[in-house]
Each structure stands twice: as structure tokens, then as C-alpha cells.
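One letter stands for each residue in the lines below.
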Amino acid sequence: MTSAATGDPLVRLTGVNKWFGDLHVLQDVDLTIDRGEVVVVIGPSGSGKSTLCRTINRLESIEHGEITIDGTPLPAEGKALAALRSDVGMVFQSFNLFAHKTILENVVLGPVKVRGKSKAEAEKRARELLDRVGVGHQADKVPAQLSGGQQQRVAIARALAMDPKVMLFDEPTSALDPEMINEVLEVMVGLAKDGMTMVVVTHEMGFARRAANRVVFMDGGRIVESSDPETFFTSPTSDRAKDFLSKILNH
């Protein structure tokens with residue numbers, strides 16, 4: 001089990017609403033994530049999980065409500081948004097690495113360009129992080145020379161290189177072959193144990209059981225249930241959660 005959260009709110013969503021045209025994808029969502037807390041968001045396809053994740057760094061704008069990170073409301077645009085966004089690490093389904101740059105260059109770019117670190121300092125840190133995620137020996141290769149699992153671990157190292165306050169993972173293993181999923185989840189479990197604040201949208205229930213402080217179950221754009229993993233997996237309270245679990249845990 002991971003280190004407990006501190007009771008110090010780091011990310012707060014209040015009355016968040018989001019539409020795609022006529023589709024109301026997030027409906028009055030309230031969610032507080034404490035510093036050091038690992039929150040795993042699960043639910044059926046189309047329930048609003050990824051959209052929720054993407055609103056936290058304003059990859060998706062919201063129509064109503066407020067999102068704050070470390071007490072600061074998420075700005076709409078401009079330099080203030082860029083600054084706040086650099087505090088929020090994001091790992092996607094697709095790895096989004098720069099194809100023409102080496103692995104090392106991919107990880108060094110953000111700290112130099114955005115954080116103003118020297119190239120030497122950024123490279124030293126990048127090599128430490130690549131070692132940490134188990135791909136240090138691949139530093140001079142380009143992404144196409146790595147497996148999907150290795151590329152996703154590089155993407156995690158790249159996000160960590162910015163020293164984010166919170167890490168968002170939007171289905172980080174869903175594009176991977178089955179044998180590569182665990183190598184990525186292991187890195188994420190390690191981050192959780194180190195006290196990184198994390199919001200993870202995933203179908204990997206084993207990860208939710210192992211690493212989450214809290215499981216948030218979404219359906220129809222709403223948070224239906226929120227509890228510790230043991231409670232959620234053994235005695236969910238809502239019919240929708242029971243139905244969802246019966247479908248995924250019995251196969």
C-alpha cells in the first residue's frame with residue numbers, strides 16, 4: 001500500500017461541467033486530490049474518465065466550475081497556463097515522443113526550454129530518471145528503436161523531468177502489448193510508493209488494488225462512488241459499480 005495522503009489538497013475540482021456539443025460529458029464533478037495521494041479513476045467507456053483527466057491541465061476546457069492546483073485556479077490561457085501546466089505531468093495512451101530526437105533529448109527538452117535549466121544539469125537529471133524507469137542504456141536511441149513499453153517509460157521519465165506537483169496518466173497501458181503492460185505499471189507503482197501525487201485513468205484493476213489510496217468510479221459523466229480499493233472491490237455500494245465489477249472481474 002502506498003504512503004498515505006497528507007490531507008493537504010493539491011488538486012480540487014468544484015462543480016466541473018463539460019459539454020461536447022449536446023453531450024454532457026462531465027456533470028457537476030467535485031473531486032479533491034491530496035498531496036501524495038494516488039487516485040485511480042475507473043468506469044465504463046464513455047463515462048468521462050479521460051475527459052476528467054484532461055481538464056486538470058486544461059487540455060480540455062470546462063464550461064462551468066473551477067479547478068485549482070495547489071490553491072491556484074487554472075488560468076484560461078497564456079503564460080500563466082503554461083507555467084501551471086508545467087507543474088502537471090501528463091502521460092497519454094500514445095507516447096507522444098519526438099521521433100527525430102534521441103531518448104535523452106526527449107527528456108532534456110522540457111527542463112531546458114521551460115524550466116531554464118542548463119543542458120548539463122538537465123542531462124544529468126534525465127539520465128538518472130531514465131535509469132530509474134529502466135531504459136538508461138537506451139539514451140542515445142530514437143523512439144522507433146524502442147518497444148512500446150520502453151517508449152512509455154521514457155514518456156514517464158520525460159514528465160518527471162519537469163518536477164511536476166502531480167502526474168496524470170490517461171490509460172497509459174491501453175496501447176501496449178500485454179507483456180509490456182507490467183513493466184510500465186511497475187514504474188508507476190514505484191512512483192506511488194515514493195509519494196508522487198497521481199491521477200490514473202486505467203482498466204488495470206490489479207494496479208488499482210496495489211497502488212491506489214482511492215478508487216473513483218465514474219459513469220455517465222458523474223462520480224458515482226469514491227472509496228479505498230479494498231472497500232470498492234469487495235463491497236461497492238452502487239448498482240452501477242457492482243454491475244461494472246461483475247463484468248470485468250469474472251472474465
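Residues numbered from 1 in each chain as written. Predicted model: local features only at pLDDT ≥ 70, side-chain atom pairs only at ≥ 80, totals over all residues. Heavy atoms only, no water.

## Quick word on the overall build of the protein chain
Here is step 1 of the chain: Scanning the protein chain for helices and strands turns up nine helices and 10 strands.
Here is step 2 of the chain: Counting only C-alpha atoms and orienting by the principal axes, one finds that the protein chain spans roughly 55 × 40 × 35 Å.
Here is step 3 of the chain: Taken across its 251 residues, the protein chain has 53% of its residues classed as buried.
Here is step 4 of the chain: Pairs at least 24 apart in sequence give 67% of the contacts found in the protein chain among residues at least 6 apart.
Here is step 5 of the chain: For the protein chain, the exposed area adds up to about 11200 Å²; of that, 49% sits on carbon and sulfur atoms. (Helix = DSSP H or I, 4+ residues; strand = E, 2+ residues; numbered from the N terminus. Buried < 20%, exposed > 50% of the residue type's maximum accessible area, 1.4 Å probe, protein only. Contact = heavy atoms within 4.5 Å. Areas by Shrake-Rupley, 256 points an atom, 1.4 Å probe, with all protein chains shown as cover.)

## Considerations on unusual backbone geometry
Here is step 1 of the chain: Although it is not a glycine, Arg58 sits at a positive phi angle of roughly 60 degrees.
Here is step 2 of the chain: For Arg58, the position within the fold is in the loop between helix H1 (49-55) and strand E4 (64-69).

## Quick look at the UniProt feature "domain: ABC transporter" (unreviewed entry) in the protein chain
Here is step 1 of the chain: When the UniProt feature table is mapped onto this chain numbering, "domain: ABC transporter" (unreviewed entry) sits at residues 11-245.
Here is step 2 of the chain: Taken end to end, residues 11-245 is 38% helix and 26% strand, and its two terminal C-alpha atoms sit 27 Å from one another. (UniProt positions renumbered as here; feature names shortened; annotations may be inferred.)

## Remarks on the sheet that holds strand E7 (residues 166-170)
Here is step 1 of the chain: The six strands are arranged E6-E7-E8-E3-E9-E10 in an open sheet whose pairing can be described as mixed. The open sheet has two free edges, formed respectively by strand E6 (88-91) and strand E10 (222-227), since each of these has just one partner strand. Each strand of the sheet is rotated relative to its neighbour by a mean of 20 degrees, with strand direction disregarded.
Here is step 2 of the chain: Summarising the sheet, E6 and E7 pair through four bridges and their orientation is parallel. Paired with Val88 across the bridge in E7 is Val166.
Here is step 3 of the chain: Strands E6 and E7 of the sheet are contacted by helix H5 (residues 148-160), whose axis makes an angle of about 170 degrees with E6. (Pairing = 2+ DSSP bridges. Axes fitted to C-alpha atoms, helices over the stretch in contact; angles between N-to-C directions.)

## Some points on the packing of H5 against helix H6 (residues 178-193)
Here is step 1 of the chain: Interhelical geometry of H5 versus H6 gives an angle of 20 degrees and a closest axis separation of 8 Å. Overall, the two elements H5 and H6 adopt an arrangement that is roughly parallel. As H5 runs across H6, the sense of the crossing is right-handed. Only Met180, Glu183, Val184, Val187, Met188 and Leu191 of H6 make contact with H5, whose side of the interface consists of Gly148, Gly149, Gln150, Gln152, Arg153, Ile156 and Leu160. (Parallel < 35°, antiparallel > 145°, perpendicular 65-115°, else oblique. Left-handed = near helix turned anticlockwise from the far one by under 90°.)

## Concerning helix H9 (residues 239-249)
Here is step 1 of the chain: Within the sequence span of H9, burial applies to Ala241, Phe244 and Leu245. For H9, the arc enclosing every buried residue in end-on projection is 95 degrees, short of the 170-degree limit, so these residues lie on one face.
Here is step 2 of the chain: The elements touched by buried residues of H9 are strand E3 (38-42), helix H7 (205-211), strand E9 (214-219), E10 and helix H8 (229-234). (Arc of directions from axis to C-beta.)

## As for the sheet that holds strand E5 (residues 72-73)
Here is step 1 of the chain: With antiparallel pairing, the four strands of this open sheet are ordered in space as E2-E1-E4-E5. The outermost strands of the open sheet, each flanked by one partner alone, are strand E2 (23-34) and E5.
Here is step 2 of the chain: Of the pairings in the sheet, the one linking strand E1 (residues 9-20) to E4 comprises five bridges and is antiparallel in character. When the sheet's bridge partners are listed, Asn17 is paired in E4 with His64.

## Topic: the pairing of E7
Here is step 1 of the chain: For E7, a buried count of five out of five residues is recorded, marking the element as mostly surrounded by other parts of the structure.
Here is step 2 of the chain: Side-chain alternation along E7 places Val166, Leu168 and Asp170 on one buried face and Met167 and Phe169 on a second face that is also buried.
Here is step 3 of the chain: Inspection of the sheet shows E7 paired to strand E8 (residues 197-201) by five bridges, in the parallel sense. Residue pairing in the sheet places Leu168 in a bridge with Val199 of E8.
Here is step 4 of the chain: Crossover E7 to E8 through H6 is right-handed. (Right-handed = clockwise from strand over helix to strand, strands pointing away.)

## Re the packing of helix H3 (residues 103-113) against helix H4 (residues 119-132)
Here is step 1 of the chain: H4 packs onto H3 with a crossing angle of 125 degrees between their chain directions and a minimal axis gap of 9 Å. By the angle between their axes, H3 is oblique relative to H4. Between H3 and H4 lies a crossing of right-handed hand. For the pair H3 and H4, the contacting residues are Ile103, Leu104, Val107, Val108, Pro111 and Val112 in the first and Lys119, Ala122, Glu123, Ala126, Arg127 and Leu130 in the second.
Here is step 2 of the chain: Residue composition of the contact of H3 with H4, by class: nine nonpolar, no polar and three charged. (Nonpolar A, V, L, I, M, F, W, Y, C, P; charged D, E, K, R; others polar.)

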